[in-house]
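# Structural description and commentary
Read off the chains here:
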Amino acid sequence: MEIFVSSRNKKEKCFAKEAIIQGLAKDGGLFTPLDIEKRKIDIKKFMNLSYQEIAYIIFSTFFDDFSEQEMKEIIHRAYDKNFSVKDVVNLSKIGKSYMLELYHGPTAAFKDLALTVLPQLLKTAYKDENKKVYILTATSGDTGKAALEGFKNVENTFITVFYPNKGVSLIQEKQMKTTVGKNVEVIAINGNFDDCQSLVKKCYEQIKVEHVQLSSANSINIGRLVPQIVYYFKAYVDLVKNNEITLGEKVNFVVPTGNFGNILAGYFAKLLGCPIDKLICASNKNNILTDFIRTGIYDRNRAFHNTISPSMDILVSSNLERLLFILSDYDDEKVSKYMKELREEGRYIIDKELLEKIQQHFLAFCCDEENCKKTIKEAYEKDKRLIDPHTAIAYYASKQYEGEIKNVILSTASPYKFSNSVLEAINSEKRENEFVAMCELKKITAEEIPANLRLIEALPDLHNRSIDIEDGIKVVLERIEKLK
Ligand SMILES: *Cc1c(COP(=O)(O)O)cnc(C)c1O
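Residues numbered from 1 in each chain as written. Predicted model: local features only at pLDDT ≥ 70, side-chain atom pairs only at ≥ 80, totals over all residues. Heavy atoms only, no water.

### Section: the overall build of the protein
Within the protein, the regular secondary structure consists of 21 helices and 16 strands. Computed over its C-alpha atoms, the radius of gyration of the protein comes to 21 Å, within 12% of the 23 Å expected for a compact globule of 484 residues. Across the 484 residues of the protein, 63% fall into the buried class. For the protein, restricting intrachain contacts to residue pairs at least 6 apart in sequence, the fraction spanning at least 24 positions comes to 74%. Summing over all exposed atoms, the protein offers an accessible surface of approximately 18600 Å²; the carbon and sulfur share of this is 47%. Distance from the positive charge centre (68 side chains) to the negative charge centre (69 side chains) of the protein: 1 Å. (Helix = DSSP H or I, 4+ residues; strand = E, 2+ residues; numbered from the N terminus. Rg over C-alpha atoms; globule rule 2.2 N^0.38 Å. Buried < 20%, exposed > 50% of the residue type's maximum accessible area, 1.4 Å probe, protein only. Contact = heavy atoms within 4.5 Å. Areas by Shrake-Rupley, 256 points an atom, 1.4 Å probe, with all protein chains shown as cover. Lys, Arg positive; Asp, Glu negative; His and termini not counted. Charge placed at Lys NZ, Arg CZ, Asp CG, Glu CD.)

### Looking at the nonpolar core
By size, the foremost hydrophobic cluster in this structure holds 115 residues, and its most contacted members are Ile-58, Phe-63 and Tyr-79. Discounting chain neighbours no more than four positions away, the residues touching Tyr-79 are Tyr-51, Gln-52, Ala-55, Phe-59, Val-88, Leu-113, Thr-116, Val-117 and Pro-227. In this structure, Phe-365, Ala-397, Ala-437 and Leu-441 belong to the second largest nonpolar core, which totals 39 residues. (Core = buried A, V, L, I, M, F, W, Y, C linked by side-chain atoms within 4.5 Å.)

### Topic: the sheet that holds strand β16 (residues 465–467)
The strand order across the open sheet built from 5 strands is β9-β6-β7-β8-β16, with neighbouring strands paired in parallel fashion. Taken across any chain shown, the strands that pair with only one partner, and hence form the sheet edges, are β9 (212–216) and β16. On average, each strand axis in the sheet is inclined to that of its neighbour by 25°, with strand direction left out of account. Helix α6 (residues 142–151) rests against β6 (132–138), β7 (157–164) and β8 (184–189) of the sheet, and its axis sits at about 170° to β7. (Pairing = 2+ DSSP bridges. Axes fitted to C-alpha atoms, helices over the stretch in contact; angles between N-to-C directions.)

### Side note on the site of the ligand
Taken together, 15 residues surround the ligand, and among them Lys-111, Asp-142, Gly-258, Asn-259 and Thr-412 come closest. Note that an oxygen atom of the ligand is positioned 2.8 Å from one of the backbone N or O atoms of Gly-258. Take Asn-262: an N or O atom from its main chain is 2.9 Å from an oxygen atom of the ligand. Its residues assigned to classes, the shell around the ligand shows 5 nonpolar, 8 polar and 2 charged. (Near = heavy atom within 4 Å. Polar contact = N/O pair within 3.5 Å; in protein donor to acceptor, adjacent residues only side chain to side chain. Nonpolar A, V, L, I, M, F, W, Y, C, P; charged D, E, K, R; others polar.)

Next up, the structure:
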C-alpha cells in the first residue's frame, strides 16, 4: 500500500486515508508519497479514456486503500454532473499556444476539480469514525467557495473559511458570503492570505482536542493535490487526439501560481510519465517564486501587493516544501532546516545542487499589473479570447518562452469572476459594480456567464463576520466547543 510521509520527518508515516483525514502532519510537515517515479503510467493507456477513467487510474495509484467501488463512486459524484462541459475540462487555442480551461465547475475556478473530490474522499475515509471532522480553510479567493460548495451539508463535517478582508474580488466575496448550509461558516480576517494560512497552520500545531478531528481543504492536503494531476494527462491526450502533437512529443505547461499546488501536480504528472519538458511558473507582482527559481533564495522579507489576480497574492507558497523534499531525495532534515529558517528569519537559501535540479524542470516569469492588463486586452483584440487576470499572467509568461516545444496555458478562472478588472483592461472603464460589469462583458463576447455567478447578485449575505488575526485561535476554539 502507498505510504505517505511527513516532509519534516520520514518516520511520521501513514496510508492515504489517514493522510487525507489529518490534512497536515503533526510536525507541521506535508504528507508526500515516496518514489512517485516508480509508479510510471504508460500514457498510451489513456488515449481512449474519459476524464473519469483517467481520474480513476491516477487516484488508485496514490489512494490504494480505497476500494474500487468506493473510488468509482467518489469520481462519479465529483465529475458526472458538476461541470458544464462534456469532458470536465476543455482544451482550446489561444495565439500560438493552447489553453486548458479549468473553470467549468460549480464555482468557476480550477479549485473545483479537486474540491468536488476532497469532501467525498474525506467522507469515505472517515465513515467508521464517530467524531466530527472540522475543516479549517484559508483562501485567497477561490478555494473558499469551492470548499464551501463541496462540504456544505456533508454529514459529520463542519467547515470554517478564513479569507483576507479586502484581499479577494467582490464576486469571490459575494460567492462565499451567500453560501447556504448548516455546517458552514465564513470569516474575514483583517490581514492578508499569508495571515489566514498561518492561522490555520497554527491551529493544527496548538490545538489538541479529542472529540473533533481537524482537517484541511487547502492544497497542503494530499487529497487536494492528486486530483489536479489528472488534467495534465487529459490535456496531453487531447493534443495527441487532435493531431496537434505526436504521441511522446514533449510539451510545456504554463501555470499561474500562488501556493504552488497546481504546478506541483504538474510535476507529479511528469514523474508519472506525462511527456512534459518545462513547467513554467508564472507569478504576478508578488514574484517571490520567480526570484526563488532563478536564484535559490526564498525571501519573504518584502512588500506584499494586492493585485487584480488576488488568488496569487501569496508570499509563503506551502507546496514548495513538497518539491524541496522530493528533489532533495526526501531529505527531511534539510527541509526542516529550511522551514525553520523561513519561520524565524523569513528566508532560506537552498544549495546549488538542489537549485540545479529545480531548474531542470521549472522556469519562472513574473508579470506586473500593467502587463497583465495589456495581455487581457491583446488576447481580446488579437486572439478573440476573453481571459481572466490569472490566466493573463500565465499567457504573458508563455509569450516569454515560445519555441519549438508547444505551450499549454492553464486557465484557472472564468473571466466573469473578475468582471470589472477584465472590462477595465479592455475598455479602460470600470462599472459601478461587478454585476453591471458582468452584463457589459457579456455584450462583447460569445462566452456565456456561468449560471452560478449570474445568480448570486440576488442572494442575501449570510456571513458578515470579520475578526483580527490575534483572535483567530479563540474563534476556532469556540467553534470546537460547539461541535461537541
Ligand atoms: C488558486 C488559484 C491560483 C493559484 O494556484 P496555486 O495552486 O495556489 O498555485 C491561480 N489562479 C486562480 C484563479 C486560483 O484560484
